[in-house]
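# Examining the three-dimensional arrangement
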Amino acid sequence: YVYSKLKDLLGKEQDRVNAYAVVLDASAPYYVKEIEKYLCVMKLIDDTVNPKEAKAKGKVPPFISLTCFSRNKAEIPRVVKMGSIMRVHRGDTKKFNKSYQLNCDVGIKAAWLLFDPSDSVRPMSHTGRTYTFVEEDKKKLRELRKFSEKFFKDNDATEFASIGSNVDEIDLVATVLSRKSCKKNYDRLLVFDGEEFIKLAIDKDRYTHISPLDIVRIRGIMQKKNEFLVNDYTNIMKIDKDQAAAKELKRKVEKAKKDKKLSEQLDLYIPTVDKVKTVSVTIGSKAKAITLKELFELDPSKLKSQKFKVTVNVVEVGPRNPSDWIVTLDSKARKQYSISDSVKHYYRLQLFAKDFANSDDHSVYPLYLCNIDGRGKEFLPDADDEGTPKELKRIYKTITKPWFVLDLVLEPVVSEGKSVFFIVDTRLTL
């Protein structure tokens, strides 16, 4: 395949063109009744066509539009990250409203691949069962990622990505504060754009890639009085924390924290240094740092009591009632573990956690704490203390906040034929 730079697609209509480009903006897939097809509209840039080149040279547009068509919704790309890389095969360029745009009609001849902005040569999604990908493709991908990284670090790209022309719709760059289930088929998304708190009602199966504390660009929402509504084509894309747009939002949030009223609300969701203390690990340096995904791909029966260090956000604790975390010692357990008569209770619970170190992993993993055999004995207060039940409720409310981060040391255990991971001797400091 011969690939064209975006600048080469300007000036005349062309057929069966191939191109690599960076996604500056993208709608969600939506259905158009008039043509009986699903489509997605994107704004693409590369090193020859982008806002910076447009400002410097004048005649070059700031981006080129791409429209993907298909009668099958599954064949339409879903862009979840700003700066994703798009490859188009056998597209065509047409003149529309005095500008040239690129079309990718999957139902006729065209095909596409969608890559992560910075990671892997394996596409996140693609058309068809198979695709070609050779050394030349790897080179193109490396070059474009290098351009993209610098462009988004140096420029607040959200300024150029705005849909702009439709005055009834707005775009936002915001921090996700929470996502809560509010109805049978809907979730309530709460975001903060540096000036105000915005609530959005979204379908449960939409935007599943979004989690609390993500920085996102929300494209094309409507405002009616004090309510914000999403459209079929509204999209929410994650923005990397190193991008200029994310740094500008951080500056706005820090400024907002100086406002007493805003600060009180933000403190419920966004951590501040004086309010968050992560776990102080007492195991030492022998624990291997690992992601939860990597950890759960291992076979605990072959690890010979190795210890692993993970960084997590706790989604839920089971049982949900902290008082039920405490279990009364029976005579069999007391004898088996040589526990003195003065100790009457122990802890047994699960933490359901997401990986803080890997924001792309949305899985929830069960981690166990049972201190009857000495593991995790310092994680929670003494189970026999009179004030412990009240303290446990405070701990539960704190560690399940979306911004709270725990550093845990885990040890694999095979119990009753089941392989699980237990929290070992680690002190929880709140």
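Look above for the structure.
I will try to describe carefully the structure that is included in this document.

Conventions used here
- Residues numbered from 1 in each chain as written.
- Predicted model: local features only at pLDDT ≥ 70, side-chain atom pairs only at ≥ 80, totals over all residues.
- Heavy atoms only, no water.
- Helix = DSSP H or I, 4+ residues; strand = E, 2+ residues; numbered from the N terminus.
- Buried < 20%, exposed > 50% of the residue type's maximum accessible area, 1.4 Å probe, protein only.
- Contact = heavy atoms within 4.5 Å.
- Areas by Shrake-Rupley, 256 points an atom, 1.4 Å probe, with all protein chains shown as cover.
- Lys, Arg positive; Asp, Glu negative; His and termini not counted.
- Charge placed at Lys NZ, Arg CZ, Asp CG, Glu CD.
- Pairing = 2+ DSSP bridges.
- Phe/Tyr/Trp six-rings, centres within 6.5 Å; stacked < 30°, edge-to-face > 60°.
- Lys NZ or Arg CZ within 6 Å of the ring centre and 35° of its normal.
- Patch = residues over 30% accessible without salt bridge, like charges linked within 9 Å, V, L, I, M, F, W, Y side chains within 5 Å.
- Salt bridge = Lys/Arg side-chain N within 4 Å of Asp/Glu carboxyl O.
- Polar contact = N/O pair within 3.5 Å; in protein donor to acceptor, adjacent residues only side chain to side chain.
- Core = buried A, V, L, I, M, F, W, Y, C linked by side-chain atoms within 4.5 Å.
- Disulfide = S-S within 2.5 Å.

Time to look at the overall build of the protein. The secondary structure content of the protein amounts to 8 helices and 22 strands. For the protein, the spread of C-alpha atoms along the three principal axes comes to 90 × 50 × 40 Å. Expressed as a percentage of the 430 residues in the protein, the buried residues total 48%. Looking at the protein alone, contacts between residues at least 24 apart form 64% of all its contacts between residues at least 6 apart. Put simply, the protein shows about 23400 Å² of open surface, and 48% of that area lies on carbon and sulfur atoms. The protein carries 79 positive and 63 negative side-chain charges, and their two centres are separated by 1 Å.

Let us look at the pairing of strand 4 (residues 64-70). Counting buried residues in strand 4 gives 6 out of 7 residues, a clear majority hidden from the surface. As defined by bridge partners, strand 3 (residues 37-45) adjoins strand 4 across 7 bridges and the pair is classed as antiparallel. In the sheet register, Leu44 faces strand 4, and the bridge partner there is Ile64.

What follows covers the packing of aromatic side chains. Using the criterion set out here, one finds 11 aromatic pairs in the structure. Between Phe151 and Phe152 the ring centres are 5.4 Å apart and the planes differ by 90°, which places this aromatic pair in the edge-to-face class. The same class applies to Phe151 and to Phe152, which are both buried. What links up through ring pairs into an aromatic cluster is the set Phe147, Phe151 and Phe152. Positioned above the aromatic ring of Phe422 is the side chain of Arg375, whose terminal nitrogen or guanidinium carbon lies 5.8 Å from the ring centre.

Residue Gly318 is joined to Pro319 through a cis peptide bond whose omega torsion reads 0°. One non-glycine residue, Lys98, adopts positive backbone phi at about 70°. Topologically, Lys98 is positioned in the loop between strand 5 (85-96) and strand 6 (99-105). Taking the relative accessible area as the measure of exposure, Lys98 reaches 80% and is therefore exposed. Non-glycine residue Leu213 carries a positive phi angle of around 80°. Of note, Leu213 is situated in the loop between strand 11 (197-203) and strand 12 (215-224).

Quick look at a negative patch on the surface now. Where like charges cluster on the molecular surface, the negative patch consists of Asp382, Asp384, Asp385 and Glu386. Topologically, Asp382 is positioned in the loop between strand 19 (365-370) and helix 8 (388-399).

The subject of this paragraph is the environment of Thr93. As for its placement among the helices and strands, Thr93 is situated in strand 5. With near-sequence residues (within four places) excluded, Thr93 lies in contact with Leu9, Lys12, Glu13, Gln14, Gln101 and Leu102. At a separation of 2.7 Å, a polar atom in the side chain of Thr93 contacts the main-chain amide nitrogen of Gln14.

To continue, consider the nonpolar core. Judged by nonpolar contacts, the single largest core of 64 residues is most densely connected at Tyr347, Leu351, Leu380 and Leu408. Counting 26 residues, the second-largest nonpolar core is a separate cluster that includes Val60, Ile64, Leu66 and Ala110.

Quick look at the environment of His209 now. Inspection of the secondary structure assignment puts His209 in the loop between strand 11 and strand 12. Taking the relative accessible area as the measure of exposure, His209 reaches 12% and is therefore buried. C-alpha of His209 to C-alpha of Lys98: the two residues are 111 residues apart in sequence and 36 Å apart in space. Filtering out sequence-adjacent residues up to four positions away, His209 remains in contact with Val80, Asp214, Ile236, Lys238 and His362. For His209, the side chain forms a polar contact with the main-chain oxygen of Ile236, separated by 2.8 Å.

Within strand 10 (residues 186-192), 5 of the 7 residues are buried, which leaves the element mostly enclosed by the surrounding structure. Two elements, strand 9 (residues 169-181) and strand 10, share 6 bridges in a ladder whose sense is antiparallel. Bridge pairing in strand 10 links Ser178 to Leu190. Relative to strand 11, strand 10 runs antiparallel, the two sharing 7 bridges.

Once that is clear, we can look at the state of the cysteines. Inspection of the entire model under this criterion finds 0 disulfides. No disulfide involves Cys104; its sulfur sits 4.3 Å from the nearest other cysteine sulfur, which is in Cys68.

This part covers the pattern of salt bridges. Across all of its chains, the model carries 21 salt bridges by this definition. A salt bridge links Arg219 to Asp25; the shortest N-O distance between them is 2.9 Å. Taken together, the positions of Arg219 in strand 12 and Asp25 in strand 1 (residues 14-26) put the pair 194 residues apart, joining distant regions of the chain. Residue Asp25 is classed as buried on the basis of its relative accessible area of 0%. With its nearest N and O atoms 2.7 Å apart, the salt bridge here joins Lys81 to Asp116. Taken together, the positions of Lys81 in the loop between strand 4 and strand 5 and Asp116 in the loop between strand 7 (111-115) and strand 8 (125-126) put the pair 35 residues apart, joining distant regions of the chain. Through salt bridges with shared partners, a single network forms among Asp25, Asp171, Arg217 and Arg219.

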